[in-house]
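# An overview of the molecular structure
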Amino acid sequence: MGEFAGKQSRGRILVTGGAGFIGSHTVVDLIENGFDPVIVDDFSNSDRGVVEGLAEICGRPVSCYEINCGDRARLQQVFESAGPIDGVIHFAASKAVGESQEKPLLYYRNNLGGLMNLLEVMAEFGTRDLVFSSSCTVYGQPASLPVTEKTPRAEPASVYGATKRICEDILTDLVASGAPHRVTLLRYFNPIGAHPSARIGELPLGDPQNLVPIILQSAAGLRGPIQIFGDDWSTRDGTCVRDYIHVLDLAAAHVRSLDWMAEQGEDPRVEVFNVGTGRGTSVDEALDAFERATGQPIAREVGPRRPGDIEQIYASCDKVERVLGWKATRTIDEAMRDAWRWQERLANR
Ligand code: UD1
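As a starting point, this report considers the structure included with it. Fair warning: this is a prediction, and the values are worked out from it, not measured in the lab.

### Overview of the overall build of the protein
When helices and strands are counted, the protein shows 11 helices and 15 strands. For 349 residues, the compact-globule estimate of 2.2 N^0.38 gives 20 Å, and the C-alpha radius of gyration of the protein, at 20 Å, lies within 12% of that figure. Dimensions of the protein, computed from the C-alpha atoms along their principal axes, are close to 55 × 45 × 40 Å. In the protein, once contacts between residues fewer than 6 apart in sequence are set aside, the share between residues at least 24 apart is 80%. For the protein, the exposed surface amounts to about 15000 Å²; the carbon and sulfur share of it is 48%. Measuring between centres, the 36 positive side-chain charges of the protein sit 2 Å from its 48 negative side-chain charges.

Encoded structure:
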């Protein structure tokens with residue numbers, strides 16, 4: 001256990017991908033809960049300005065190493081020089097579905113290689129606890145909703161999805177082999193929003209592919225009307241349904257996972273949790289929420305279905321509530337308001 005700013009830390013936590021969207025919000029929550037985060041990020045899909053934004057929000061500098069998790073020697077150096085690492089949250093991964101189809105080797109190398117390096121270095125330095133970023137993409141289109149953790153995983157629809165599934169399997173096999181790790185697999189639904197200070201948020205490099213960054217650009221006049229990908233799905237209004245979760249709620253699930261693992265005693269284990277709100281929201285409803293929360297009108301057009309899209313998915317959060325005692329507390333309107341604040345700040349930078 002280290003010390004910072006004169007206060008006793010509850011543990012030093014390595015956060016790979018800590019400058020990214022979910023990673024940066026988790027760093028804030030770690031500090032607010034008395035942990036001492038150490039960021040490892042190669043800035044391939046994040047901005048160096050995030051580290052300054054974090055320092056402003058948290059009122060103290062945050063350690064950050066510019067490293068790709070594929071570089072095992074440099075990861076080892078971080079474990080040596082940052083002091084004892086009490087736990088790891090592993091966000092760093094490539095995440096663009098379309099790109100993963102074009103560059104499968106890159107995705108397998110980054111996502112599988114990064115995890116395996118990290119696990120070997122953790123073993124070398126005696127670090128046991130790991131929280132891993134998985135995705136509801138592992139369920140594909142489930143036969144019944146909401147999805148529980150017992151819902152069978154589907155054949156991956158993309159290389160990106162395959163990497164998440166294989167990483168889950170690597171961790172499960174490792175613990176089954178007798179390795180002393182305590183592992184939490186968090187299957188994220190659709191994270192949106194930003195920190196209410198608007199100092200950190202989602203920064204897609206290049207053309208955004210996800211709904212909320214596209215809404216923000218459309219509302220800001222940086223692109224034309226929103227294309228709704230199909231209104232002939234078998235849902236209540238014909239548009240696809242997702243479980244949108246405020247990124248700060250998702251961040252809190254990571255911090256709670258660390259505490260929970262520490263409470264579980266010494267036995268190695270792997271536990272999987274869905275992290276969503278338990279509520280399904282259609283694309284039309286998400287657009288309504290944005291308009292309601294921000295007062296900004298959104299022009300909509302109905303376009304063709306996007307290949308590979310899932311009709312509807314939302315989480316059962318019974319297990320995560322019961323076992324971790326965690327629950328999403330923020331509404332989609334708050335998430336849209338915070339995302340818009342972030343967009344406005346970006347425009348004024
Ligand atoms: C997508 C990925 C998923 C990944 C997640 C990461 C696919 C098929 N799935 O999920 O594997 O884990 O991003 O955040 O790419 N929409 C529109 N118009 C738009 C953009 C989106 O109607 O211009 C709709 C989509 O059809 C979907 C919803 O908005 O119903 C959300 O889309 P998106 O933000 O891309 O997330 P997912 O498709 O859920």
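### Topic: unusual backbone geometry
The omega torsion across Leu 145 and Pro 146 is -5°, close enough to zero to call that bond cis. Summarising the element assignment, Pro 146 is placed in the loop between β7 (129–135) and α6 (159–176). In this structure, Phe 43 takes a positive phi of about 55° despite not being glycine. As for its placement among the helices and strands, Phe 43 is situated in the loop between β4 (36–41) and α2 (49–58). Even without a glycine there, the phi angle at Ala 198 is positive, about 65°. Within the secondary structure, Ala 198 is located in the loop between β9 (190–192) and α7 (211–219). On the basis of relative accessible area, Ala 198 is assigned to the buried category, the value being 5%.

What counts, and where the lines are drawn
- Residues numbered from 1 in each chain as written.
- Predicted model: local features only at pLDDT ≥ 70, side-chain atom pairs only at ≥ 80, totals over all residues.
- Heavy atoms only, no water.
- Helix = DSSP H or I, 4+ residues; strand = E, 2+ residues; numbered from the N terminus.
- Rg over C-alpha atoms; globule rule 2.2 N^0.38 Å.
- Contact = heavy atoms within 4.5 Å.
- Areas by Shrake-Rupley, 256 points an atom, 1.4 Å probe, with all protein chains shown as cover.
- Lys, Arg positive; Asp, Glu negative; His and termini not counted.
- Charge placed at Lys NZ, Arg CZ, Asp CG, Glu CD.
- Buried < 20%, exposed > 50% of the residue type's maximum accessible area, 1.4 Å probe, protein only.

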